[in-house]
Amino acid sequence: SPLMALLRDMPKAELHIHIEGSLEPELIFALAERNQVELPYADVAALRRAYAFTDLQSFLDIYYAGASVLLHEQDFYDMARAYLARAVRDHVVRAEIFFDPQTHTARGVPMASVINGLYRACREAERDWGISCDLILCFLRHLSEEEALVTLAQAMPLRDRFIGVGLDSSELGHPPEKFARVFARCRALGLRLVAHAGEEGPPAYIWSALDVLQVERVDHGVQALQDAALVQRLARERIALTVCPLSNQMLQVFPDLADHNLPQLLEAGLVATVNSDDPAYFGGYINENFVQLFAATGMGARQAYQLARNSLQASFAGAASKAAWM
Ligand code: HPA
Ligand code: ZN
């Protein structure tokens, strides 16, 4: 239909994609073989059968197991190259890519292998395909703030190879304020700031991401609608929410996409965007998120244009790039 063609073809920014969540089962097994890593799954089909999630934690356990095959700079390059090729097909003109260095440094992988492999894939994609991309380093919130500070120090020799920091992993019990000092240090370093908040966690976590961490965007943020004062704050300050519909469905935040609250977020005047989160695990890349969400909720062309414009506006690209895209 014309609407589905519009959703697929319109230029868009992807602002919430964990690069480790783009690892397809076939690449997991290829890297396991190349690196002689033992996996607790017999084959691709057995791994795919394990993708039956009940909540965020049940996903994270499998997601970290999948990432265990990543050892060398070339592995990180290959993973990001594959994602960026896929994003170009979905008419993504700008990608801001999360990575989880602590998942890798904990296994003895050097920080430089992680960042240099991802960085080279970004620069080559810009050269080969014209997509604009940058990296955002995420701290794992189930670990301590001390460990986040060590991670930041390890990344400092490569400070020019990532544009910002984020906060991800298990949300409940790990509120943003646990990371107040490391985010203050990142702000002083001129890094852009985002954090996951209000995926499974309460509106209070979104408030503290804004007030304590001083983030510029909120990742997920769908629980904001429970708090009218928070909705007003997000709308007035034009704080973008990077919403991930298929992720929310698969992790049982909105078990039925028809009940997803993205239409109401837009109706409330919020700068909502559509993103894939972990496309290899949740059943689709960014265009699949758009198509399934619109098919389930009955939104139309007006919302499609609004979401594409929101994503480009909320990106951390320069003003000249944004002007060229819009
Ligand atoms: N939430 C928290 N941590 C994550 C996610 C998510 O949706 N995806 C990958 N790490
Ligand atoms: Zn996420």
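- In the nomenclature of an unreviewed UniProt entry, the protein corresponds to Adenine deaminase from the organism Acidovorax bellezanensis.
- Turning to the protein, the UniProt annotation filed under Function (unreviewed entry) states: "Catalyzes the hydrolytic deamination of adenine to hypoxanthine. Plays an important role in the purine salvage pathway and in nitrogen catabolism."
- Taken directly from UniProt, the Catalytic activity (unreviewed entry) text for the protein runs: "adenine + H2O + H(+) = hypoxanthine + NH4(+)".

**Here we look at the overall build of the protein**
Right, on to step 1. When you go through the protein residue by residue, the secondary structure sums to 17 helices and eight strands.
Right, on to step 2. Against the compact-globule benchmark of 20 Å for 326 residues, the protein has a radius of gyration of 18 Å, which places it among compact chains.
Right, on to step 3. Sorting the 326 residues of the protein into buried and exposed places 46% on the buried side.
Right, on to step 4. For the protein, contacts bridging at least 24 residues in sequence account for 76% of all contacts bridging at least 6.

**Concerning the site of ligand 1**
Right, on to step 1. The full set of residues close to ligand 1 is His18, Gly21, Leu56, Tyr63, Asp168, Ser169, His196, Glu199, Ser247, Asp277 and Asp278.
Right, on to step 2. Split into classes, the residues belonging to the shell around ligand 1 amount to two nonpolar, five polar and four charged.

**Observations regarding the sheet that holds strand E1 (residues 12-18)**
Paired through backbone hydrogen bonds, the strands of a sheet run either parallel or antiparallel to each other.
Right, on to step 1. Taken together, eight strands build an open sheet; the order of strands is E1-E2-E3-E4-E5-E6-E7-E8 and the sheet is parallel. Where the open sheet ends on each side, the last strands, each with one partner, are E1 and strand E8 (271-274). Strand after strand, the sheet turns through a mean of 25° between neighbouring axes, direction not considered.
Right, on to step 2. Sheet topology places strand E5 (residues 192-197) next to strand E6 (residues 217-220); four bridges connect them, and they run parallel. Residue pairing across strands places Val194 opposite Arg217, the latter belonging to E6.
Right, on to step 3. Helix H7 (residues 111-129) rests against strand E2 (92-99) and strand E3 (132-140) of the sheet, and its axis sits at about 160° to E3.

**Some points on the packing of helix H8 (residues 145-155) against helix H9 (residues 180-188)**
Right, on to step 1. Close contact between H8 and H9 brings their axes to 8 Å; oriented N to C, the two are set at 25°. The orientation of H8 with respect to H9, classified from their angle, is roughly parallel. Residues Glu145, Ala148, Leu149 and Leu152 of H8 form the contact with H9, whose own contacting residues are Arg181, Val182, Arg185 and Cys186.
Right, on to step 2. Residue composition of the contact of H8 with H9, by class: five nonpolar, no polar and three charged.

**With respect to helix H16 (residues 301-314)**
For an α-helix the count is 3.6 residues per turn, leaving residues at separations of three or four pointing the same way.
Right, on to step 1. For H16, built from 14 residues, the straight-helix expectation of 20 Å at 1.5 Å per residue is met to within 8% by its first-to-last C-alpha distance of 20 Å.
Right, on to step 2. Within the sequence span of H16, burial applies to Gln303, Leu307, Ala308, Asn310, Ser311, Leu312 and Ala314.

**Some thoughts on the environment of Ala320**
Right, on to step 1. Among the secondary structure elements, Ala320 is positioned in helix H17 (residues 319-325).
Right, on to step 2. Judged by C-beta crowding, with 7 C-beta atoms within 10 Å, Ala320 ranks as exposed.
Right, on to step 3. Ala320 sits 248 residues away from His72 along the chain, and the two C-alpha atoms are 36 Å apart.

**A short note on the UniProt feature "site: Important for catalytic activity" (unreviewed entry) in the protein**
Right, on to step 1. Here, the residues flagged by UniProt with the feature "site: Important for catalytic activity" (unreviewed entry) are His220.
Right, on to step 2. Mapped onto the fold, His220 is located in strand E6.
Right, on to step 3. Beyond its immediate chain neighbours, meaning those up to four positions away, His220 contacts His196, Ala197, Gly198, Glu199, Thr242, Val243 and Cys244.

**Examining the nonpolar core**
One recurring pattern in soluble globular proteins: nonpolar side chains tend to sit buried together.
Right, on to step 1. One finds Ala80, Ile97 and Leu118 to be the most contacted residues of the largest nonpolar core, which totals 93 residues.
Right, on to step 2. When neighbours within four sequence positions are excluded, Leu118 is seen to be in contact with Ile19, Phe76, Ala80, Ile97, Phe99 and Leu135.

So, how was this worked out
- Residues numbered from 1 in each chain as written.
- Chains lettered and ligands numbered in written order.
- Predicted model: local features only at pLDDT ≥ 70, side-chain atom pairs only at ≥ 80, totals over all residues.
- UniProt positions renumbered as here; feature names shortened; annotations may be inferred.
- Helix = DSSP H or I, 4+ residues; strand = E, 2+ residues; numbered from the N terminus.
- Rg over C-alpha atoms; globule rule 2.2 N^0.38 Å.
- Buried ≥ 20, exposed ≤ 12 C-beta atoms within 10 Å, placed from the backbone.
- Contact = placed C-beta atoms within 7 Å.
- Near = placed C-beta within 6 Å.
- Nonpolar A, V, L, I, M, F, W, Y, C, P; charged D, E, K, R; others polar.
- Pairing = 2+ DSSP bridges.
- Axes fitted to C-alpha atoms, helices over the stretch in contact; angles between N-to-C directions.
- Parallel < 35°, antiparallel > 145°, perpendicular 65-115°, else oblique.
- Expected span 1.5 Å × (residues − 1).
- Core = buried A, V, L, I, M, F, W, Y, C linked by C-beta atoms within 7 Å.

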